[in-house]
Structures are given as C-alpha cells and as structure tokens.
Amino acid sequence: MLTAGVDLAADPAGTAVASIAWSARGATVRLVTVPADDEAIVELAGRSAKIGIDCPLGWPDAFVTFVGAHRDGRVPIPDGVDAKQWRRRLAWRHTDEVARRLTGLVPLSVSADRIGHTAMRCAALQTRLAQAGRGVDRTGAGAVVEVYPAASLKVWGLPWRGYKTTKHQAALGIVVDQLKQAAPWLDLGGHEELCRHSDHALDAVVAALTARAAVRDQVCRPDERELPAARTEGWIAIPTAALAALPG
C-alpha cells in the first residue's frame, strides 16, 4: 500500500509531496519532492490508497453565505451576538474549532489569513483530482483527506513548532531525530537529508503518515451532526492512536 502527503503552498515552488510504502512490519519513504505542481500531485494521488493534503478543503459555510450577501448588498447584522463571536464564525470552520478543542492548536483561518491563497489553488486541484477519477469527499472518506501536520506531531508526542523556515535548521533536525526514534520502523532512506533541510519536505512526510492513520481509521471522524458542515467546509483528520499503531 502507498499513502501520499502534500504540503501545499499557493505556488508549486513551496509545495512538497511525499509517498510512503507500507508493509506488515514497517514503512519506507519512496518519494519526497520539492517543488511540485498540480500534475505531480494528481499523478501521485492516482497511485496512492490515500493522499493527505495540508490545506483547508473548503471555507466556513457562514463565510460563504456572508460573502454572497455582501455582494448583493444585504449583509445580515445578527442581534444579540457579540461582534467578535460573530466574526469568529466567519473566520473558522467547525473542524478548526474541533482541532482547537482536541489539540489546543489554532489552525490558520482560511477566510482571514494568507492560507486563503493556498486554498484557492486547492479548490482548483480538487477539480483536477475529480477529473482524474479521484473525486474529493471533503469529510476524508474518499481518496483525499485534509491533514494538519502540527496537530499530528503534537498528538504523536513529537516537536510540533519552531522548526519552520531556514532559520530553524537545527530545530528541524531535532524533529527528524525524534521521529526516527519514535518510529524505528520508518525508513527515510535517501530522503532524510532533504527532510532535515526542508520543513516542506518533512511536513509532506507527516501528511503521508497521517493519511495512513486515516486508512486505518485512527483519526477523528465527524459525527452525524457534523457531517453536513464537513462535506462543504472540509474536515481535519487528527490522529487518535499512537504513531506505533500505523504499521501492520
């Protein structure tokens, strides 16, 4: 079985992809590439049982309604709702609030942060995937699952912050060292050096590991009440089991 991961950026230059082959006893990283364009991602998805994408798959339903109402000149002003709380509903999806509750981490707002640029690319990518026969179920039930590498690392007891950008090479190396200690069954092979020098590469590997957790049903799932929002807004797959539970 192959699982794949994508650390998506608005531009291919900052995008990384990874692929992991799984067996009963362990896993081997087969591919880590930076940069990566849409064609590379679609091709990789076609060869993988599951692909984890580090990017929101949708926008908050309330935000979509808000923008449409604003276009038509009829934005509703809610009565009896604190202005800050009202804006919060526009900025964060339900799954973002679930991630905050489960991990203490606050995902970037797809409505109000620069990650919105990446989400625009992701929206087009979802169409490309569907055209290639890999239709996206934003709940994570299909071939694609939304992931949040920082949350995965934190749940697995690994360093989850302070390793981004070239200014933090030493910290990035520590994350790789601890990943190898926590997952001796994972063979990074010739891709280890790239993971030590590119946080995009490492996040793509973590996304592929999280995709494996989703395959094994070791991630949180939306319940019946949460499904409608998950289908439109997207759903972050946060691991619910230890890293050691992934092989097998």
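Right above here is the structure, for reference.
Draft legend 1. Region of interest: the pattern of salt bridges. Summed over all chains, the structure comprises 16 salt bridges. Between Arg 121 and Asp 38 there is a salt bridge, and its shortest N-O distance comes to 2.9 Å. Of this pair, Arg 121 sits in helix α5 (residues 115-131) while Asp 38 sits in helix α1 (residues 38-46), and the two are 83 residues apart along the sequence. What makes Asp 38 buried here is its relative accessible area of 11%. Here the residues in one salt-bridge network are Asp 38, Glu 39, Arg 121 and Arg 128, joined through shared partners.

Draft legend 2. Representation of the sheet that holds strand β6 (residues 186-187) in the model. What the 6 strands build is an open sheet, ordered β5-β4-β1-β2-β3-β6; its pairing is mixed. Here the strands that pair on one side only, and so sit at the sheet edges, are β5 (144-146) and β6. Note: strand β1 (residues 2-7) against strand β2 (residues 16-22), 6 bridges, orientation antiparallel. When the bridges of β2 are listed, Gly 5 appears paired with Ala 18.

Draft legend 3. Just the layout of surface pockets, in detail. Considered as a void within the structure, the largest pocket measures approximately 810 Å³ in volume. Taken together, 33 residues form the lining of the largest pocket, with Asp 7, Asp 54, Leu 108, Ile 115 and Lys 164 sitting closest to its centre. Elements supplying a minimum of two residues to the lining of the largest pocket: α5, α6 (149-155) and α9 (199-215). Grouping the constituent residues of the lining of the largest pocket by class yields 16 nonpolar, 6 polar and 11 charged.

Draft legend 4. Region of interest: the pairing of β2. The buried count for β2 comes to 7 of 7 residues, which makes it a mostly enclosed element. Residues Ala 16, Ala 18, Ile 20 and Trp 22 point to one face of β2 and Val 17, Ser 19 and Ala 21 to the other, with burial holding for every one of them. Relative to strand β3 (residues 27-33), β2 is paired through 6 bridges, and the arrangement is antiparallel. Across the sheet, residue Val 17 finds its bridge partner in β3, namely Thr 33. Between the end of β2 and the start of β3, which pair antiparallel, lie 4 residues.

Draft legend 5. Summary view of the packing of helix α2 (residues 61-71) against helix α3 (residues 83-91). For the pair α2 and α3, the least separation of the axes is 6 Å and the interaxial angle reads 100°. Between α2 and α3, the crossing angle belongs to the class labelled roughly perpendicular. Two secondary-structure elements touch here, α2 through Ala 62, Phe 63 and Phe 66 and α3 through Trp 86, Arg 89 and Leu 90. When grouped by side-chain class, the residues that make up the contact of α2 with α3 number 5 nonpolar, no polar and 1 charged.

Draft legend 6. Here's a closer look at the nonpolar core. In terms of nonpolar packing, the biggest core is built from 37 residues, with Ile 20, Trp 185, Leu 186, Leu 202, Leu 209, Leu 243 and Leu 246 touching the most fellow members. Those elements giving two or more residues to this core turn out to be β2, β3, α7 (169-182) and α9. No other element matches the 11 residues that α9 contributes to this core. Grouped together as the second largest cluster of nonpolar side chains are 20 residues, Ala 4, Leu 57, Leu 125 and Val 144 included.

Conventions and cut-offs
Residues numbered from 1 in each chain as written. Predicted model: local features only at pLDDT ≥ 70, side-chain atom pairs only at ≥ 80, totals over all residues. Heavy atoms only, no water. Salt bridge = Lys/Arg side-chain N within 4 Å of Asp/Glu carboxyl O. Helix = DSSP H or I, 4+ residues; strand = E, 2+ residues; numbered from the N terminus. Buried < 20%, exposed > 50% of the residue type's maximum accessible area, 1.4 Å probe, protein only. Pairing = 2+ DSSP bridges. 1 Å grid on protein atoms, 1.4 Å probe; cavity = no way out; pocket = protein on both sides within 12 Å on 5 of 7 lines; lining within 4 Å. Points joined across faces, edges and corners; volume = space filled by probe spheres on them. Nonpolar A, V, L, I, M, F, W, Y, C, P; charged D, E, K, R; others polar. Axes fitted to C-alpha atoms, helices over the stretch in contact; angles between N-to-C directions. Parallel < 35°, antiparallel > 145°, perpendicular 65-115°, else oblique. Contact = heavy atoms within 4.5 Å. Core = buried A, V, L, I, M, F, W, Y, C linked by side-chain atoms within 4.5 Å.

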